Amino acid sequence: MRDVNPFGLLTRVGPLSLLGGSFILMAGGLSMPALVPGALSFALLLLTLVALAGRSRIGWLRLLPGILAFASVTWSNWLLADPRDLSVAAVAGLRVAYFVIPGIILAAFIDPSALGDQLGQRLRIPARPVLAAVAGLNRLDTLAQDWDEISRARRIRGLGPGPNPVAQARHLVSMTFALLVQALRQAERMSVAMEARGYGRLARPGYRRTWAGPAPWLRADTTLIVICVAFAALPWIVVLAWGWILT
């Protein structure tokens, strides 16, 4: 067995442990008892995830949806509460951020092909939905590239947006529609190619397929699960420890 070094751990774990850790943090975040222990635990969790990511660069722009979720939940709970209490609203937002933002970070390290191998071999999920999910996830990685290609093609043809905000909005709508059409065409071609390569045989009784690679459960996976369990319980541990100190 390889020695588990926590620095850069997220680059060595499998997709199932990344998904499992996200769900464990969800259970811990939704049961967060109070603001101060939750904020301390959340700050320590983020620092730990940065260390676990090692030298891998995380696209921090991906965290924007999680930050917006935290802000919107906090704002709505403060606005609709009677009486308005900022601390109570912040706890509600922090409960969401406690698993949404770490989940985004963990999801950045999931490899679709490795996920398919583990779903098929370890969880024994039928091959057809696994392969369809893997194909869809692989296509998600190319959406940004497709968007840039469509944008460049429209600018070359003189269809770029002007400074008018209305023109910018129309350009965004037309770009989104063009991307949708291209994604549907690519999905059709992929479906035909998969069928031509014999993926339709998976529906026949008694037919079993082989997988591209092994799907081992490493010590690094167990370490990640233990860390996530510890952070899921950390807010309650802080509350109990603080109460014990006061008494």
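These notes cover the structure that comes with them. (Residues numbered from 1 in each chain as written. Predicted model: local features only at pLDDT ≥ 70, side-chain atom pairs only at ≥ 80, totals over all residues. Heavy atoms only, no water.)

In this section: the overall build of the chain. When its secondary structure is counted, the chain shows 9 helices and 0 strands. Reading the chain from its N terminus to its C terminus gives the helix and strand order α-α-α-α-α-α-α-α-α. In terms of C-alpha radius of gyration, the chain reaches 23 Å, well past the compact-globule figure of 18 Å for 247 residues. Overall, the C-alpha framework of the chain stretches about 70 × 60 × 35 Å when taken along its three principal axes. Evaluated residue by residue, the chain yields a buried proportion of 31% over its 247 residues. As presented, the chain carries roughly 15,600 Å² of accessible surface, and 66% of it is formed by carbon and sulfur atoms. With 24 positive and 12 negative side-chain charges, the chain shows a spacing of 5 Å between the two charge centroids. (Helix = DSSP H or I, 4+ residues; strand = E, 2+ residues; numbered from the N terminus. Rg over C-alpha atoms; globule rule 2.2 N^0.38 Å. Buried < 20%, exposed > 50% of the residue type's maximum accessible area, 1.4 Å probe, protein only. Areas by Shrake-Rupley, 256 points an atom, 1.4 Å probe, with all protein chains shown as cover. Lys, Arg positive; Asp, Glu negative; His and termini not counted. Charge placed at Lys NZ, Arg CZ, Asp CG, Glu CD.)

Our next topic: helix α1 (residues 15-30). One turn of the α-helix equals 3.6 residues, which is why residues spaced by three or four share an orientation. Between the first and last C-alpha of α1 there are 23 Å, a value that for 16 residues agrees with the 22 Å anticipated at 1.5 Å per step. Among all positions of α1, only Pro15, Leu16, Ser17, Leu18, Gly21, Ser22, Leu25, Gly28 and Gly29 are buried. (Expected span 1.5 Å × (residues − 1).)

The subject of this paragraph is empty space enclosed by the protein. Considering all chains together, one arrives at 1 cavity of 30 Å³ or more under this definition. Approximately 40 Å³ is the volume attributed to the largest cavity. Forming the walls of the largest cavity are Leu25, Leu45, Leu49, Leu52, Leu224, Ile227, Cys228 and Phe231. Going through the elements one at a time, α2 (35-53) and α9 (219-246) are the ones with two or more residues in the lining of the largest cavity. A total of 4 residues in the lining of the largest cavity trace back to one element, the largest contributor, which is α9. Across the lining of the largest cavity, the residue classes break down as 8 nonpolar, no polar and no charged. (1 Å grid on protein atoms, 1.4 Å probe; cavity = no way out; pocket = protein on both sides within 12 Å on 5 of 7 lines; lining within 4 Å. Points joined across faces, edges and corners; volume = space filled by probe spheres on them. Nonpolar A, V, L, I, M, F, W, Y, C, P; charged D, E, K, R; others polar.)

Attention now moves to the nonpolar core. Nonpolar side chains in soluble globular proteins generally cluster together in the buried interior. Membership of the largest hydrophobic core comes to 26 residues, with the highest contact counts inside it found for Leu10, Leu18, Leu25, Tyr98, Ile105, Phe109 and Leu224. Looking at this core element by element, the count peaks at 7 residues for helix α4 (residues 86-107). Sequence-distant contacts of Phe109, that is, excluding residues within four places in its chain, are made with Leu10, Thr11, Leu18, Ala53, Ser56 and Ile58. One finds Leu16, Leu115, Leu119 and Val130 within the second-largest nonpolar core, a separate group that totals 5 residues. (Core = buried A, V, L, I, M, F, W, Y, C linked by side-chain atoms within 4.5 Å. Contact = heavy atoms within 4.5 Å.)

Glancing now at the packing of aromatic side chains. Taken as a whole, this structure holds 2 aromatic pairs when the rule is applied. Ring geometry for Phe42 and Tyr98: centres 6.2 Å apart, planes at 45 degrees, overall tilted. Taken together, the positions of Phe42 in helix α2 and Tyr98 in helix α4 put the pair 56 residues apart, joining distant regions of the chain. Their ring planes at 35 degrees and their centres at 5.3 Å tell us that Trp75 and Trp78 sit as a pair that is tilted. Of this pair, Trp75 and Trp78 both sit in helix α3 (residues 64-80), 3 residues apart, which is roughly one turn of the helix. Since its relative accessible area comes to 51%, Trp75 is described here as exposed. (Phe/Tyr/Trp six-rings, centres within 6.5 Å; stacked < 30°, edge-to-face > 60°.)

Turning next to the side chain of Gln118. With respect to the helices and strands, Gln118 occurs in helix α5 (residues 112-121). From its side chain, Gln118 meets the backbone nitrogen of Leu16 in a polar contact 3.1 Å long. If sequence neighbours within four positions are ignored, Gln118 has contacts with Gly14, Pro15, Leu16, Leu123, Ala215 and Pro216. (Polar contact = N/O pair within 3.5 Å; in protein donor to acceptor, adjacent residues only side chain to side chain.)

As a further point, take the layout of surface pockets. Taken as a whole, the largest pocket encloses approximately 380 Å³ of empty space. Considering the residues around the largest pocket, the lining is formed by Arg62, Ile104, Ala107, Ala108, Ile110, Pro112, Leu137, Leu140, Asp141 and Leu143.

With that settled, consider the packing of α1 against α5. One way to put it is that α1 packs onto α5 with a least axis distance of 8 Å and a crossing angle of 85 degrees. Between α1 and α5, the interaxial angle falls into the category roughly perpendicular. Residue-level contacts link Pro15, Leu16 and Leu19 of α1 to Ala114, Leu115, Gln118 and Leu119 of α5. Of the residues assigned to the contact of α1 with α5, the class counts are 6 nonpolar, 1 polar and no charged. (Axes fitted to C-alpha atoms, helices over the stretch in contact; angles between N-to-C directions. Parallel < 35°, antiparallel > 145°, perpendicular 65-115°, else oblique.)

This paragraph deals with the environment of Ile104. Mapped onto the secondary structure, Ile104 falls in helix α4. Along the chain, Ile104 and Pro165 lie 61 residues apart, while their C-alpha atoms are 31 Å from each other. Leaving out residues up to four positions away in the same chain, Ile104 has contacts with Arg62, Leu63 and Gly66.

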